Every structure is written in C-alpha cells, then in structure tokens.
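Chain residues, written in single-letter form:
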Amino acid sequence: MLHSSELCLLVLVLVSLPLIINCDNILFLQSTPSRSHHIWNKQIFNRLYDNGHNLTILTFEKEQSVPGKWFFFVPRLYAKIMAEYAAEGSNAGSEMGPIENIINMYSFYEKASRILAKDIAIQQLIEYPVNFKFDLIIHDFTMGQFLLGFVARFGSPPIVSVSAFNIPSYTMHLSDVPVRFTTLPNYAAEFGQQMTITERCLNGFYWLLDYYQRQVRFMASEDARVRTLFGSNSKSVKEIEKLSSIVLVNSDFSMDYHQALPPNVIPVGGLHISRLEKNSPNILEFMDIPSKGVILLSFGTNIQCEGLGKHINEAFLKTFSNLPEYSFIWKHGDPESLGPLPPNVLVQKWIPQGAILSDPRTKLLIGHGGLLGLQEATWYGVPVIGIPFFADQLQNVDKLVRGGVGIRLFLDEINENSLKESIGSILTDHRYRQKMAARSHLFRSQPQPPLERAIFWIEKVLENKGLPYLASPAHDIPFYQLYGIDLIGATLLSVLIAHILCKLALSFLVNKQS
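Rules of the game
Residues numbered from 1 in each chain as written. Predicted model: local features only at pLDDT ≥ 70, side-chain atom pairs only at ≥ 80, totals over all residues. Heavy atoms only, no water. Phe/Tyr/Trp six-rings, centres within 6.5 Å; stacked < 30°, edge-to-face > 60°. Helix = DSSP H or I, 4+ residues; strand = E, 2+ residues; numbered from the N terminus. Lys NZ or Arg CZ within 6 Å of the ring centre and 35° of its normal. Expected span 1.5 Å × (residues − 1). Buried < 20%, exposed > 50% of the residue type's maximum accessible area, 1.4 Å probe, protein only. Arc of directions from axis to C-beta. Contact = heavy atoms within 4.5 Å. Pairing = 2+ DSSP bridges. Axes fitted to C-alpha atoms, helices over the stretch in contact; angles between N-to-C directions. Core = buried A, V, L, I, M, F, W, Y, C linked by side-chain atoms within 4.5 Å. Right-handed = clockwise from strand over helix to strand, strands pointing away. Polar contact = N/O pair within 3.5 Å; in protein donor to acceptor, adjacent residues only side chain to side chain. Parallel < 35°, antiparallel > 145°, perpendicular 65-115°, else oblique. Left-handed = near helix turned anticlockwise from the far one by under 90°. Nonpolar A, V, L, I, M, F, W, Y, C, P; charged D, E, K, R; others polar.

(A) Examining the packing of aromatic side chains more closely. This structure, assessed with the given rule, holds 29 aromatic pairs. When the centroid spacing of 6.0 Å and the interplanar angle of 35° are considered together, the rings of Phe316 and Phe320 count as tilted. Of this pair, Phe316 and Phe320 are both found in helix α10 (residues 310-321), four residues apart, which corresponds to roughly one turn of the helix. A network of ring pairs unites the aromatic residues Trp70, Phe72, Tyr128, Phe132, Phe134, Phe150, Phe154 and Phe230 as a single cluster. When the ring centre of Trp350 is taken as origin, the NZ or CZ atom of Arg35, which lies over that ring, is 3.7 Å away.

Next comes the structure, spelled out in structure tokens:
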C-alpha cells in the first residue's frame, strides 16, 4: 500500500498532468537493472520529456522526479539478484560457455522478475486510479516481460518495445524477423557468418536451446506472475509483446552481423553517444601530463575489478607500471585496495567513459566487451582489448577480432606478459587504428542521428495511436502455412497419389494384355 506522503505526492502529480495542454502520457517500463542500460534508455525518456511529453518511469537508478517526469525507483535489484546467486554458490559474473551462458541468462531474467514483482513500486503502479490512461507504453523487452500486464491495466495503449541489448535473439517473437541459423550466430556463439557444418549444427542447437529457455520455461513463469498481479484472465505475455507497434534495437550495420529486419524493427545503435559528458578537472589534469597517449581500463557497470581477484589486479598494476610512457585511467570500485600507485596511473570509482574515449589522446580501451562501451570506442575510433565474461560479450569481442579492430584475452590468460604483449600489439600495429577509423566513419555516416530516429518513430506511434501498417501478417499465420509446409505436404501427397494411380494403371494394362 502507498504511504500517506507518497499518496499525496502521487495525487499531486496525477492532478497536474492534465494541466499541460496537448501532452501525451507515456509509461516507460525499464526492466534491466544495469546502469549502462539506464543510460541508454535515459536518452530516450529525457528527449521525450524535452519534447513536452509526460513520463512515468520505472527505474533502478535514483533519479529526481519533476513535474511531467515521475520516477518509480526500485532500489538494489541487481544486488538482490547477485545475493541469490551467492547463496546458491554460483557466480553469474564468471566466464562461461555458450550452453551455460544461455541457461544462465534466462535464470537471471527469472530471478529479476520474481524479485521485482514483489517491489512496492510495482504495487504503486497497479494502484494508479482505475480510469487513468496512458497514451503509450514503452517497454524494455530485454527482460521483465511480466510488466506487459500493465498494457491491459491502462486501457491497452500502443506499445513501443526497446532494447539496448543489440537485437535480442527473441526479437523474432515480437516481429517477423527471419532467423537463418545457418548464417546468423546466436549471441552466445563465437562464430562468424561463414560457418562450417559443425558450427552450423552447434549454432542450430544454441538457437533451439534459446527458444526453449525463453518461450517454454521463462515465459511460462512470466505468465504466472501476470495472473497473480493482474488477474487470472490476463492475456499471455507472448500475445501482448506481438502488439508492439515498433521495436527499437541497439544495432548498426557497421559493426553487427547481417540480419534481415522488417520495417517495424528499427536499428538505433549508439543513440546514447549523443549525451553530454565532461571530464572532471582531475582527469583533465592527468591527461595533460605528457605521454605517448592515454589507455582506459573499464569493465562497465556490472563487472567490478575488485571482484576479479588479487592476482588479476596485480597483473594490471604491474603492467601499467612497466609502461611509464603511457598514462592509464582505471575504473575500479576500491582504489585503496591497490596500494600506492605509480604516477602514470589514475584510479577512480566512476569515470565518464565517453568523454575519455572522445579525447584524441586516448589510444586504447581495455574492456569487457559490453556493447555500449564498444559502440563508444567505435564511434571515436579507439581500438580495443576485450576481456569477455558472459552474455553477448563473447560474441561482441569475437566481432572485434574478426574485424581486425581489437584483441581478445580471456580472464584465465591475463598476466603481466599477455597484457604487455597485447597492449604493444595494438599500439605498434597501426592497422588496428586504421581499421577502427574506417569502421568509425561507417558508424558516423548516417542520414539521421540514431536518437533522432528513435524519437521520430516513437512520436509517430503516438500521433497515429499505433502503426498497424508496419505490422507483419506472419504473427497471424500458422507456422506450417508461413513456411509453406502445407504446400510441400500437398505437393508430395499429389505426387504420391499420381505415382500410385500410374502404377495401378500400368498394372491394369499389363494384366489385360496377358
């Protein structure tokens, strides 16, 4: 139930919304407890707010509510999920193979949904006035499909689905996205698009496992949550997600594998790069120290260097100490644990990654292969040493290696020698930087900035109360019709009947002549 102070504030916000003339009410359901995903989504909801729309936003990062932009904050969701893994004796952040990767991802999704469904923020949204209507619901379809129960709760407005997770493997269930497993590697596979027969077999298995884990197991648990929260007669989330007017995906042809997309699946890769970031005075002062260049070490928002073990941290520190001609900026959650630092190393708990990468003095990114960081590095033409752990990170880094714009190291390969050799290879072989510069040119050469493209299509959905003309008829066609299995069956049956009739006729003629 709402506390009295929260209820008063909520009523005040709801009463004030209609006072803003010609403003649409938008419910933005974030689902991924990751600061990087929040940064990506934030560019969308901030621009919509700047354009005069009213936003109600489910968030896992603390934000200040203002008139017209109201946040429902869910604290510590990621920490609670990690606590469950720790209690089970497993480590969700460790390096893993494709099968374990796929199973673990949906395990993470299920834990997140189960914990989130019990949070007071969900109950507060459910307790909105019965007659209150949203004009649009934006759902981060990366996970949290049970949140689609709010669609019917608020009068079934149009849905826009978004994801910072590239083109998720399950996008095909929201729109008519053809998946050719013989040429499109599953996100968990480190294959190119030209696969051997063994790789095609394995890739097909990964896609089937992904389908089973998502459509059979995970979505069943999401349906159960929807029935508990919104009533036993609620629609299946499988049906609701297909109502998406458009699907915005964090992808760009310059760095991603070829995939045929229907008109309502719109790539807006790199839309977060447009945000304004500034280096702090101490970072600027450090970067001004004469050196051959700056090297950035950052493992993003969900992987903490302090949790990788003492020997890994010592390997980084010794390597940096032995390369005094370069300046190193290191994102580390516990700088004090590193002890005395050499003068060419700056360690901070949080760094403005985009601002550092945009500086021409930055020569290299050492990262975990997170998509948003790699998009920033690509945009600014900075080569990468990728150290992948889980989810799409392995494939992201594999793409870098295949494109000649980066080097891959696995966690168990990290030592002072491997790090120094990899850094030396990137910095002395100019082909890495040249190829990344070419890729950067392709990424930047767009007729419309990706954020502007995203906002254009969202507002087009608002203006038209949906975009049914972009919807594919494939969702309403049975599988056997869609892929012509009934036609093949009918053809084979016709051939078989003709064959039998010919044999009977031939047999009759032979018997008659004898």
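That shown, we press on.
(B) Just helix α3 (residues 77-88), in detail. For α3, spanning 12 residues, the distance from its first C-alpha to its last is 17 Å, which sits close to the expected 16 Å at 1.5 Å a residue. Within α3 the residues assigned to the buried category are Leu77, Ile81 and Tyr85. Along α3, the residues classed as buried sweep out an arc of 80° about the axis, all on the same side. What points out from α3, more than 90 degrees from its buried face, is the exposed set Ala86 and Ala87. Looking at the buried residues of α3, the elements they touch are α4 (98-116).

(C) Structural context of the environment of Gly68. Take Gly68: it is sitting in the loop between β2 (54-59) and β3 (69-73). Judged by relative accessible area, which is 5%, Gly68 ranks as buried. A sequence separation of 16 residues divides Gly68 from Gly52, and the C-alpha atoms of the two residues are 8.3 Å apart.

(D) Up close: the sheet that holds strand β13 (residues 406-408). Pairing in this open sheet of six strands is parallel, and the strands run β10-β9-β8-β11-β12-β13 from one edge to the other. The two strands at the open ends of the sheet, each matched to only one other strand, are β10 (345-348) and β13. Averaged over neighbouring strand pairs, the angle between their axes works out to 15° when direction is ignored. Sheet analysis places strand β11 (residues 362-367) next to strand β12 (residues 384-386), joined by three bridges and oriented parallel. Residue pairing for β12: Gly367 is matched across the bridge by Gly386.

(E) Spotlight on unusual backbone geometry. One non-glycine residue with positive phi stands out, namely Asn166, at about 55°. Relative to the helices and strands, Asn166 is located in the loop between β5 (159-163) and α7 (197-230).

(F) Quick peek at the nonpolar core. If you look at the biggest cluster of nonpolar residues, it comprises 57 residues, and the most contacted ones within it are Leu58, Tyr109, Leu116 and Phe150. The biggest single contributor to this core is α4, with eight residues. Excluding its chain neighbours within four sequence positions, the residues that come into contact with Tyr109 are Thr142, Met143, Phe165, Tyr170 and Phe218.

(G) Spotlight on the sheet that holds β5. Across the sheet, which stays open at both edges, the seven strands sit in the order β3-β2-β1-β4-β5-β6-β7 with parallel pairing between neighbours. At either end of the open sheet lies a strand with only one pairing partner, and these are β3 and β7 (265-267). Taking each pair of neighbouring strands and ignoring which way they run, the sheet shows an average axis angle of 20°. Note: β2 against β3, five bridges, orientation parallel. Each bridged residue has a counterpart across the sheet, and for Leu55 the counterpart in β3 is Lys69. Where helix α2 (residues 35-50) meets the sheet, it contacts β1 (25-29), β2, β3, β4 (136-140), β5 and β6 (244-249), and its direction lies at approximately 165° from that of β2.

(H) Representation of the pairing of strand β8 (residues 294-298). Burial analysis of β8 places five of its five residues in the buried class, which makes it a mostly covered element. Residues of β8 alternate between two faces, with Val294, Leu296 and Ser298 on one and Ile295 and Leu297 on the opposite face, all of them buried. Examined bridge by bridge, β8 and strand β9 (residues 327-331) share four bridges and lie parallel to one another. Bridged to Leu296 within β9 is Ile329. This β-α-β element, β8 to α10 to β9, shows right-handed connectivity. With five bridges connecting them, β8 and β11 associate as parallel partners. In the strand pairing of β11, Leu296 is matched with Leu365.

(I) Inspection of the side chain of Asn250 at higher detail. Relative to the elements of secondary structure, Asn250 occurs in the loop between β6 and β7. Among the polar contacts listed, one links the side chain of Asn250 to the side chain of Trp40, at a separation of 3.3 Å. Aside from chain neighbours lying at most four places away, what touches Asn250 is Trp40, Ser163, Ala164, Asn166, Val268, Gly269, Gly270, Leu371, Leu372 and Gln375.

(J) Looking closely at the packing of α3 against α4. One can describe the packing of α3 onto α4 by two numbers: an axis separation of 10 Å at closest approach and a directional angle of 120°. For the element pair α3 / α4, the angle class is oblique. Considering the relative orientation of α3 and α4, their crossing is right-handed. Every residue of α4 that contacts α3 at Leu77, Tyr78, Lys80, Ile81, Met82, Glu84, Tyr85 and Glu88 is listed here: Asn104, Ser107, Phe108, Lys111, Ala112, Arg114, Ile115 and Leu116. Taken together, the residues of the contact of α3 with α4 sort by class into nine nonpolar, two polar and five charged.

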